[in-house]
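# Structural characterization, general
Residues per chain are reported as follows:
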Number of protein chains: 2
Amino acid sequence: MALDPVFAPITRRAPELPASLKLPAIKPTTDTLLEHAIQQRLAPAGAPEHALGRMEVLVQQLARIQSNSPLEFDLLAFESPQLVVFAADHGIADEGMSDLEQSMTAEHVFQLLLGLAPVNALAQTHGFELTVVDAGVATHVTLPEEAHRRAPLLPRKIGHGTRNLLLGPAMSQAQAVSALHAGMDVVRHLPGNVIALGDLGVANHVSASLLLSRLCGVPLADAYGRDDGLLDDSLHQQRIEKLSTAASRHRKAIGVLDVLSTMGGFEIAMMAGAMLQAASERRVVLVDGYVAGAAALVARGLNPAVTDYLVFAHRAADTGHRMLLIHMQALPLLDLGLRVGQGTGALLAWPLLLAAQGLLEN
Amino acid sequence: MALDPVFAPITRRAPELPASLKLPAIKPTTDTLLEHAIQQRLAPAGAPEHALGRMEVLVQQLARIQSNSPLEFDLLAFESPQLVVFAADHGIADEGMSDLEQSMTAEHVFQLLLGLAPVNALAQTHGFELTVVDAGVATHVTLPEEAHRRAPLLPRKIGHGTRNLLLGPAMSQAQAVSALHAGMDVVRHLPGNVIALGDLGVANHVSASLLLSRLCGVPLADAYGRDDGLLDDSLHQQRIEKLSTAASRHRKAIGVLDVLSTMGGFEIAMMAGAMLQAASERRVVLVDGYVAGAAALVARGLNPAVTDYLVFAHRAADTGHRMLLIHMQALPLLDLGLRVGQGTGALLAWPLLLAAQGLLEN
């Protein structure tokens, strides 16, 4: 960084990215004329300014995403909303970094496919079509023949779980690029203009914490904060120490793709790709909890314009997620202390987008 | 308070209440067996404990309201949800305690009746039947003959606005009792098992602040806190001083009915009555913002069991509301910085109750 930031040329593409990575172009949505028009339309007569608070901000964002000029703008329209849950395993689970066995990842995928997870009920209520993507589950995921499957499973396995990032990079740069491309590809083949992204994978909070810590300079103890008081002190301390060891092993990873490769996960990379693609198609992107948030950090690192399209649905129970949202300058719609992932918070927040639509129609 | 609280007899009825006040009996909903059954039913296999966070608490509360024993309990069922907005004027508006003219109360009533307020759109989306109650608007509220009315206006005027509480009690004790009874009566004649309560009235935040301050011992400067930075310092200081003068004039008001009479509002009294009646009928009560919250304080003062039935929908932008919720030990479902009243926050939160229903069905 020899140049003063003020004089630095605006680069849409980080300079260290390999030529093999093909990213879609994303158009920023800023439009002050439209914002003014919306504000006029929303303000109830005789109400204080910004009476609708966070809802006004939401309406503004959705309107910017769905329109290009105040003249053309009509109303918000949501079509064929999609929920995509990316599942993958993490080698770091071997280090006892989660209270769950690694095999629970596949178990959770089964539950989703069979319609037994909480998010299935929400998807059904709200008319979201669910797609589960195997981004890299450690085992071969296959349902018994006779099982009544409720959602398709897309096989996009980049590997059988990432490698243990305490011992080496979680994945190669080529794998990271493949995962980003796969995420883009998944979105490209889905209909609609709204997409909610969820995650699933034992120990994926470890990657989220490391990514947040490295990309935003958040201390590991905050990024991997305790939220529940359930964990015993010494176990938590051991985990923090392992994270520090991992972070110092990968201390040379600074660029976003290096950070993703060395300390990320397949589902995180794919979600980042999905976000970039969805933004390039001007879809509304509902971002779920901490792990999806880490994917948003990666996507922002690859193209800052993506953030215009991201609606942060909720704040999860993780203290790291709070830090992440602050660094994204994102005000989540809900704060319900969820710790369940899989897009559950995104779908719980969905009715607020419908309400935003209704407020504008009134 | 001669007795140590531990040895004080549990009184369901504050001793100073006049015989003319007839309150309905309310059954507390505690049921640990049911809670255990629900927790078992909700917990996704292999998910951390309380993975659904605030949603689990909500499901538990709704289930307790709608059932008496785990054996009988089936599923949550919501019928004919009602939105009731209580409108009234406040004599204290004469003191320049609001940025709005008093005449805006009637104006807002018109907007609601004509379906032009933000909450109208939400009520329509969610199938809430709206009733507007004239609890004491200063003027005669009448719509032009040709106007297309969207909601009924119930005339339950206790007076043409309260008196200026800086000069004397806002209302007589007899008026307060009448208003409580009217609120009970309004609910008694409405169908369904869910009721959302909203408020409308210029300067009603003054009463809410004084009630919170007196009933919970919150300093006036916190109860009437600034939230927006829009108000100029000296004007805010003047308002706080007027509030202090009012509080000291009514320093002898300690009992809940005295506090309500001297510093409350007609719509606050009616909402409190409505809450008590709704709880006695085991309805779910959605409590909107700061002013409805002050009514909840009053209702709790009259019968603590009412709180089992109150679902605090959102935290408004007012800093006083934050204090109020803490004193009610209430965790609101939403925190969207609304400053619009009229039940808007309650209806924005409603889909979370539907989600709670869906989660239990899964």
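A few points on the structure. Everything numeric here is computed off the predicted structure, so don't read it as measured data. (Residues numbered from 1 in each chain as written. Chains lettered and ligands numbered in written order. Predicted model: local features only at pLDDT ≥ 70, side-chain atom pairs only at ≥ 80, totals over all residues. Heavy atoms only, no water.)

## Topic: the packing of helix α2 (residues 53–66) of chain A against helix α13 (residues 344–361) of chain A
Residue and element names in this part refer to chain A. Note the threshold: Convention adopted: a line fitted to C-alpha atoms gives each axis, helices being fitted over their contacting stretch, and angles between N-to-C directions are expressed from 0 to 180 degrees. Helical segments are the DSSP runs of H or I of at least four residues, strand segments are the runs of E of at least two, and each set is numbered from the N terminus. Oblique is the label for any angle not under 35 degrees, not over 145, and not in the 65 to 115 range, which are roughly parallel, roughly antiparallel and roughly perpendicular in turn. Should any heavy atoms of two residues lie within 4.5 Å, those residues are counted as being in contact. Each residue is assigned to one of three groups, with Ala, Val, Leu, Ile, Met, Phe, Trp, Tyr, Cys and Pro labelled nonpolar, Asp, Glu, Lys and Arg labelled charged, and all others, Gly among them, labelled polar.
Look at α2 against α13: their axes get within 9 Å of each other, and the N-to-C directions meet at 85 degrees. With respect to α13, the axis of α2 lies roughly perpendicular. For the pair α2 and α13, the contacting residues are M55, L58, V59 and L62 in the first and L352, L353, A355, A356, L359 and L360 in the second. Grouping the amino acids of the contact of α2 with α13 by side-chain chemistry returns 10 nonpolar, no polar and no charged.

## A few points about the sheet that holds strand β5 (residues 284–287) of chain B
Residues and elements named next belong to chain B. Note the threshold: A strand pair is defined by DSSP finding two or more bridges across the two strands.
Taken together, 6 strands build an open sheet; the order of strands is β3-β2-β1-β4-β5-β6 and the sheet is parallel. For this open sheet the edge positions go to β3 (153–155) and β6 (310–312), each flanked by a neighbour on one side alone. Across this sheet, the average inter-strand angle for adjacent strands is 25 degrees, counted without regard to direction. Where strand β1 (residues 82–88) lies against strand β2 (residues 129–136), 7 bridges are found, and the strand directions are parallel. Bridging from a neighbouring strand, Q82 pairs with E129 of β2.

## Regarding the relation of the copies chain B and chain A
Test applied: In this comparison the copies share one frame, found by least squares on the C-alpha atoms of residues holding pLDDT of at least 70 in both.
Once chain B is rotated about the relating axis by 180 degrees and shifted along it by 0.0 Å, it coincides with chain A to within an RMSD of 0.0 Å. What the superposition gives is, in effect, a two-fold axis relating one chain to the other. Of the residues that chain B buries at the interface, 100% are likewise interface residues in chain A, meaning the two copies contact each other through the same surface.

## A few points about the sheet that holds strand β3 (residues 153–155) of chain A
Hydrogen bonds along the backbone pair up the strands of a sheet, which may run parallel or antiparallel. Residue and element names in this part refer to chain A. Read from one edge of the open sheet, 6 strands run β3-β2-β1-β4-β5-β6, paired in parallel fashion. Lying at the two open borders of the sheet, with one neighbouring strand each, are β3 and β6 (310–312). Between one strand axis and the next, the sheet turns through 25 degrees on average, direction left out of account. Note: strand β1 (residues 82–88) against strand β4 (residues 194–200), 6 bridges, orientation parallel. Bridge pairing in β4 places A87 opposite L200. Sheet contacts for α2: β5 (284–287) and β6; angle to β6, the most-contacted strand, approximately 160 degrees.

## A word on helix α9 (residues 256–263) of chain B
Residue and element names in this part refer to chain B. Note the following rule: Only protein chains enter the calculation, and the probe is 1.4 Å; a residue is then buried if its accessible area is under 20% of its type maximum, exposed if over 50%, and partly exposed in between.
The buried count for α9 comes to 7 of 8 residues, which makes it a mostly enclosed element. What α9 keeps buried is the set V256, L257, V259, L260, S261, T262 and M263. Packing partners of the buried residues in α9 comprise α5 (173–188), α6 (204–216), α8 (233–249), α10 (266–280) and α11 (290–302).

None of this, on its own, says anything about what the molecule does.
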